[in-house]
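The lines below spell out each chain.
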Amino acid sequence: MTETTVTPERPLVVEEGDVKPGFIGQSVPRKEDKRLVQGEGVFFDDVKRHEMGYVHFVRSPYAHARIRSVDVAKALELDGVYGTLTGDEVAILTDPFFELSTPPGANIKDYALAVGRVRHVGDPVAAVVARTRELARDAAELVEVDYEPLPHVLDAEESVKDEVVLHDDAGSNTVWSGVFDWGDFDAALADADHVVRIERLHFDRFSSTPLECSGCLVEFNRGTGQWTIHGNHQMPGVGAIWMAPALRVGIDKLRFVSQDIGGGFGNKITLHPQYTACCLLARKLNRPVQWTEWRTDQHTANTHGNERTFLDITVPVKADGTMLGFSVRAIDDCGAFPRYEPLGCIIWAQVTPGCYRWRNIRVDFTQVCTNKSPVAPNRGYSRMQHLWLTERIVDIVAGELGLDPIEVRKKNYVKHEEFPYETPNGCVYDSGDYARCLDIALDLIGYDSLEEKRSDAESRGKRFGIGIGSTLDSGTNNFGQSMIINPELQFSGNNEVATVKLDIFGEVVVTLGTVPQGQGHETTSAQVVAEILGCTPDDVNVRAGHDTYWNSTAGFSGTYASQFAVTGLGAVKGAADKLAGEMKQLAAAVFGCSPDDIELVESQARIQGNPEAALPFMALGAILNANNAGLPADLDVTLNVRYVYRPQFEKPDLERKFGNLTLTYATQIHACAVEIDPETGVYEIVDYAAVDDCGNRIHPQIVEGQVHGATAQALGAATHEIFTYDEEGNLLTPNFYDYHVPHALDMPPMKNGFIESASPFTPLGAKGMGEGGGAGIHAVCAALQNALGRRGEGPIVWRSCNPYEGVWDLLQKPEDTRKLVSVESR
Amino acid sequence: MLLREVEYARPASVQEALRLLGANDGARALAGGQTLINVMKARAASPDVLVDLADIGELRGIELGSDGTLELGAMTTYTDVIDSAEARARPILGEVCNQIADVQVRNRGTLGGNVCSNDPTNHLPPLLVAIGATMTIIAPGGERSVSAAEFFLGVYMTAVGPGELLTKISVPPGKGDGFASVPIGKDGTCIVNVAASLDGGALRLAIGCVDSVPVLLEPGSTDDDAVRTAVHGANLDPPWDVHASADYRRHLADVLALRAVAQAAGRK
Amino acid sequence: MDAVSRKTITVDVNGEQFEREVDARRLLIHFIRDDLDLTGSHIGCDTGNCGACSVLLDGTLVKSCMMLAVQADGAKIETVEGLARDGELNGLQQAFSDHHALQCGYCTPGMLMSATALLRQNKSPTEDEIRKGIQGNICRCTGYVNIVEAIRAAAQ
């Protein structure tokens, strides 16, 4: 393991220690950059087709309403309008998208356009296609929809009562509900010296709002019934699984193509409704159709991250600060349509005890629909919310019992020597050293001079606080966890595909099943292949983007859930290893020796110890493809390898809800210092440190970039980024004017550090780490808490997002939140 | 994001602009477009005709008169003010302009656009009211001057009537000014802003974001108590929105008023 | 003169002259992307906040989503496509790549134009001046850390 610390002047990691041999572990120049810095990337809206039509969706202005009628006649009269699509047509031409949950959630009918009813402001009701973008927008205004408003429900705790039901077919707003019970919580409670009770905590609704909005350009080939979708869907395999049955076609009839994608962060996973509408339009109008989502649409009607309310949190604690576990009732608000969301009901269980050695955990989990934008796997998906809970628990317990928040963490952290560590529900944390990461973070932020900083801030009239946020980024899912939610589902394990071939002129060509959105897949794949084949990354051509036609996708292909370094690169490694083996076999056949005598070096296959006997890659490619007379009959090589990486997983025990749900666990431990102006509630993050551990770093610069970006998003979510609704169900932050994301001047000075705890379970010892786990949110909440409260006094930070007025309220009325917490000491 | 149909003209003179504005009820002046184009993209308002003032030289320029009065053409951009040596006759102007949004917006956004749109969260209306600026308006019949305090009439409504144009803003010289605000993020939209000026003799305090027009107060002295009394006496009834409740805005007005006054006093 | 709903405009983009007829309502960014096929400049929002559409117009940094194409008649526009010479990246572009100042690349063209404007006017900006210079450009991937580093390096 290597470790680094950072000198305070420079915000970047300074590498010390050994330089690893080979390309893996080096920050090689990124292949993607040359085109992107010249503006020559190809994002879906850059693709044009002759005579294409532009799509504009007519969307509901009501949170909940019956659709009495939709009249497109006036729209069709407008010169330049090519056609329309309404919910009635969709209901005839397609079947509802399949639902992941058990009944009642299973009975929800979800279509490409609203059928009979709208369920959130922005719900698409009809689509218009016209010759220009502006005309489509004009025509949309001419579509007349007669709505009958219905009562709506915007609060999850209200929704549970089923007084206003969104989906009559389901008969209830509850999508899924269940109790998870591991260890023996009642015994833990009896054994406790203190019981800390927290009445409620709330994780607020926000999303990563990728800069590029969603969209697609769809072409339909009438002769073959083939759709080609140029879009930015980040999990096309899953998209196709939804769309094909709905469209009543075989899955191969849907070809997804993307080259560059402007950020996904989980917000481009459930695009299938709009994509299906575009498919229908392309077929109906016999012309390519293009839909570009607007920022306002992305915020109001695309997807949000999970909003979760935690109630009746009970934490048994021993006198020495050991926490024995916790019990909680969680209500998850998935918005108007669950779609991917029932998985959110289990995915948090990948990190049930967070970073801690807690053995007795009970979670009563309910997911409900409300008349708000649908929710999807926003970065940190479901684990971030749960990890925030565990961090708030540690922080609040430490505060209430007068324990040092550092010591209590170290006491309760899973210890370095305990890895691989099995959690109470059977997940295996592969490796890590949380205490060491914490120490590095504290050092970076100057924790020892905390009291000095506090005095200095107070002398300027400010309140000062330091907080810690520990988090895990669990990666490479075992999709068998979906069966815990619904035993009928036929999903388990995971996979990813890559192909590597040697072309006739000796060119190495790689295709990936993943759908990169900036994570550097072309570059890191090239590093791995180069190291295995004995050439340089510049010699490895990785096709940019994704195309179903490359036959390098499997059911779970895509870029999501912090897994590329494991699954994507696992597939690349597997394919490259196999290709290397074939190249050696071929060379051996040509030279008349054993493949074990052959090495691949400097883009040649040569006999070890005999550099004269060398075949350059070009020769190998040419021999097999064009000049193969005389090769042995039993030589079984193609030099064109397709490899499916499959991590080792078992199906979980559905009865006990027990099993290993993810392969790897990256760590991030952040520390944050805030200064609050007590007169206004305005606060500033004055110092920040982030330490990460993602095992072997394939490309250190890329890893650091992900940490920076995840931190920025977390800081936004902690301070101003929140999706708030008014009483009518209108989103009050539908654009970047009101939904304030961090700009360059908003970022605090950041210090970064890292360690590498290799994963014993992955092909390269690397762990996925792109999501991050929201450590910034945990750290800011803890810092605010530290600034505002002292043992047993002061307010409780109970929400994940704390805008200025929120902090002001905490300062003004500490008793309002103080009463959320009680301590029973025995 | 996509505008309705509109007609466009780019006159070369004020007279031609007035003619175009008067010819159509739905005609509007287009200055920097940093507000109007966004409004039109959202289709919140859709003028029939846009009269682009970009080519009218007499609307640009910053002049410093011999008596120290600063005259800023209505089409002066924020960047023009920040970069102008003349504008340092009233330093608060450049300092406040430099807090608006970002470089791109400052390069195109104009003083005239900022005051004529009179979005309640704008920076310049309360500032100009506090420092006692004067607006010059031209109509087909002639020119007239309106004090800043009388210029702002309501949300998006000012003393500039249909078929008229703001031509310049005149600012007396001075340094005893303060501006305090709580923006959403650095250089972001203001939740509350307050401008204070001691240069006119007595303290003038103008509170923005709490009403449809800046609220002008004359507390009588710079003492904290006098300022607080004046602010409370104004019985502010601020709007609620996603960034702040009425109570919070009212509270911020209290705090920022004191800070703006302290700044002004410190610089006089 | 009369107000018109359609107009023929002439623009110089990266040294090349274009003459096109456009609707008065056409935004400059759509003109650049759709009518001139220069898709390097991007659209990321509806309200002029994200800066992905930033270009230089007569040497001034502007957000092209808040201008009409007709307003650019007679103007000299510089977009990201004009930065490299014969496929050779300029110092700023190279610095962005060297310092990993881009991940998905969507904000990058606008960011490069803002950085270009900054460095033309200020040859050695401080960190604060750099951040102020790109304050109008939103990035969701990088947290701005490496972007600031890249601009600082390019300035040297």
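Along each chain, residue indices are assigned from 1 in the same order as the chain's sequence is written. Each chain takes a letter, starting from A, and each ligand takes a number, starting from 1, following the order in which they are written. pLDDT decides what is reported in this predicted model: residues at 70 or higher carry local features, side-chain atom pairs at 80 or more are listed and counted, and totals for whole chains, interfaces and linings draw on all residues regardless.

## Here's the deal with the overall build of chain C
Line of reasoning, step 1. Every helix listed is a DSSP run of H or I at least four residues long, and every strand listed is a run of E at least two residues long, numbered separately from the N terminus. Counting secondary structure elements, chain C contains 5 helices and 5 strands.
Line of reasoning, step 2. For chain C, the N- to C-terminal ordering of α and β elements is β-β-α-β-β-β-α-α-α-α.
Line of reasoning, step 3. A principal-axis box enclosing the C-alpha atoms of chain C has dimensions of 50 × 35 × 25 Å.
Line of reasoning, step 4. Residue burial here comes from a neighbour count, namely the number of other C-beta atoms, placed from the backbone, that lie within 10 Å of the residue's own C-beta, with 20 or more meaning buried, 12 or fewer meaning exposed, and in between meaning partly exposed. Within the span of chain C, comprising 156 residues, buried residues form 66% of the whole.

## Here we look at the sheet that holds strand β22 (residues 540-542) of chain A
All names here are of chain A.
Line of reasoning, step 1. Two strands form a pair only when DSSP identifies at least two bridges running between them. Strand order across the open sheet formed by 4 strands is β22-β21-β20-β27, with mixed pairing between neighbours. Strands at the two margins of the open sheet, each flanked by one partner only, are β22 and β27 (640-645). Taking each pair of neighbouring strands and ignoring which way they run, the sheet shows an average axis angle of 20°.
Line of reasoning, step 2. Both strand β20 (residues 496-502) and strand β21 (residues 508-512) contribute to a ladder of 5 bridges, which runs antiparallel. By the bridge assignment, A498 is partnered in β21 with L512. What counts as an axis is a line fitted to C-alpha atoms, over the stretch in contact for a helix, and the angles between N-to-C directions run from 0 to 180 degrees.

## Re the interface of chain C and chain B
Line of reasoning, step 1. Taken together, the contact pairs 26 residues of chain C with 28 residues of chain B.
Line of reasoning, step 2. Broken down by element, the residue count for the side of chain C that touches chain B peaks at 4 residues, all from strand β4 (residues 60-63) of chain C.
Line of reasoning, step 3. Charged means Asp, Glu, Lys or Arg here, nonpolar means Ala, Val, Leu, Ile, Met, Phe, Trp, Tyr, Cys or Pro, and polar covers whatever is left, Gly included. Residue composition of the side of chain C that touches chain B, grouped by class: 10 nonpolar, 11 polar and 5 charged. We call two residues in contact if the C-beta atoms placed from their backbones are at most 7 Å apart.

## Focus on the pairing of strand β29 (residues 683-693) of chain A
All names here are of chain A.
Line of reasoning, step 1. Among the 11 residues in β29, 9 count as buried, and that is most of the element.
Line of reasoning, step 2. Pairing analysis gives 10 bridges linking strand β28 (residues 662-676) to β29, with the strands arranged antiparallel. Looking at the pairing, Q668 lines up with D692 of β29.
Line of reasoning, step 3. Hairpin connection from β28 to β29: 6 residues lie between these consecutive antiparallel strands, with G681 at a positive phi of about 85°.
Line of reasoning, step 4. Bridge count for β29 against strand β30 (residues 750-755) is 6 bridges, and the pairing is parallel. From the neighbouring strand, A690 faces β30, where its bridge partner is N752.

## Brief notes about the packing of helix α11 (residues 383-401) of chain A against helix α12 (residues 405-412) of chain A
All names here are of chain A.
Line of reasoning, step 1. Viewed as axis vectors pointing N to C, α11 and α12 meet at an angle of 125°, and their least axial separation amounts to 9 Å. Between α11 and α12, the interaxial angle falls into the category oblique. Relative to α12, α11 is oriented so that their crossing is right-handed. On α12, the residues that touch V394, D395 and A398 of α11 are P405, V408, R409 and N412.
Line of reasoning, step 2. Its residues placed into classes, the contact of α11 with α12 shows 4 nonpolar, 1 polar and 2 charged. Here is the rule for angles: anything less than 35 degrees is roughly parallel, anything more than 145 is roughly antiparallel, 65 through 115 is roughly perpendicular, and the remaining ranges are oblique. Helix crossings are classified by the rotation of the near helix relative to the far one: an anticlockwise turn of less than a right angle makes the crossing left-handed, while a clockwise turn makes it right-handed.

## Considerations on the domain arrangement of chain B
All names here are of chain B.
Line of reasoning, step 1. An automatic or database domain assignment is the source of the domain bounds shown. Split by domain assignment, chain B resolves into domain 1 (7-52), domain 2 (59-171) and domain 3 (177-267).
Line of reasoning, step 2. Computed over C-alpha atoms, the centres of domain 1 and domain 2 are 18 Å apart.
Line of reasoning, step 3. Domain 1 puts 12 residues into the contact, and the matching count from domain 2 is 16 residues.
Line of reasoning, step 4. Per-element tally for the side of domain 1 that touches domain 2: the top contributor is helix α1 (residues 14-23), with 5 residues.
Line of reasoning, step 5. Grouping the amino acids of the side of domain 1 that touches domain 2 by side-chain chemistry returns 6 nonpolar, 5 polar and 1 charged.

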